[in-house]
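Observations on the model geometry
Below, each chain spelled out in residue letters.
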Amino acid sequence: PIPYSYETPNYFSKVPNPAPPSFDNWLGTDDRGREVLSRLIYGFRLSILFGLALTIVGVSVGIITGSLMGFFGGKFDLISHPPRTADLSFGFPPKPMAIFPLPF
C-alpha cells in the first residue's frame, strides 16, 4: 500500500524536493514534496471512473431508446430517429465541418 495521500507532502524526505525515485517514493516527489505515484494513481482512478460512468450512461440510454424504437416502431421510431439522419451527417466532409464552428 502507498503510505501517502495524493496531497500529503513528505516532510521527512532525506533529499530536497523534487526527490528522485527511492524505496520510500517509487516515482519520486514533485517540487512540493508530494509523492508522484500516489498522485498518478489518484488521477488514473478518477479518469477511469469518469469514463466508466459515461459509458454506462451512454449504453443505458442507447439500449432503452433502441428497445423502445424496436418495440413500438412506427411513429415513435420516426420521432426518436428521423430517417436519413446518419446519411445526412455522412454526406458532409469532416474537416470543413470541424473547422466551421471555430469562428463562433
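Above this text you will find the structure in question.
A brief look at the structure comes next. (Residues numbered from 1 in each chain as written. Predicted model: local features only at pLDDT ≥ 70, side-chain atom pairs only at ≥ 80, totals over all residues. Heavy atoms only, no water.)

Description of the overall build of the protein chain
Convention followed: Here a helix means four or more residues in a row that DSSP labels H or I, a strand means two or more in a row labelled E, and each is numbered from the N terminus. The globule rule used here is 2.2 Å times the number of residues to the 0.38 power, and the radius of gyration it is set against is calculated over C-alpha atoms. When accessible area is computed with a 1.4 Å probe and restricted to protein chains, residues below 20% of their type maximum are described as buried, those above 50% as exposed, and intermediate ones as partly exposed. The contact criterion used is simple: two residues touch if any of their non-hydrogen atoms lie within 4.5 Å. Reported accessibility uses the Shrake-Rupley method at a 1.4 Å probe radius. Residues are deemed covered only where the shown protein chains occlude them. Within this scheme the basic residues Lys and Arg register as positive and the acidic residues Asp and Glu register as negative, but His and the chain ends are omitted. In plain terms, the charge of a residue is placed at NZ if it is Lys, CZ if Arg, CG if Asp and CD if Glu.
Check the secondary structure of the protein chain and you find four helices and zero strands. Here the C-alpha radius of gyration of the protein chain, 25 Å, is well above what a compact globule of 104 residues would show, namely 13 Å. If you line up the protein chain on its principal axes, its C-alpha atoms span 70 × 40 × 20 Å. Across the 104 residues of the protein chain, 12% fall into the buried class. Summarising the internal contacts of the protein chain: among those between residues at least 6 apart in sequence, 30% fall at separations of at least 24. Within the structure as shown, the protein chain displays about 8,800 Å² of accessible surface, and the carbon and sulfur contribution to it stands at 73%. Put simply, the protein chain has 8 plus and 7 minus side-chain charges, and the middle of one group is 6 Å from the middle of the other.

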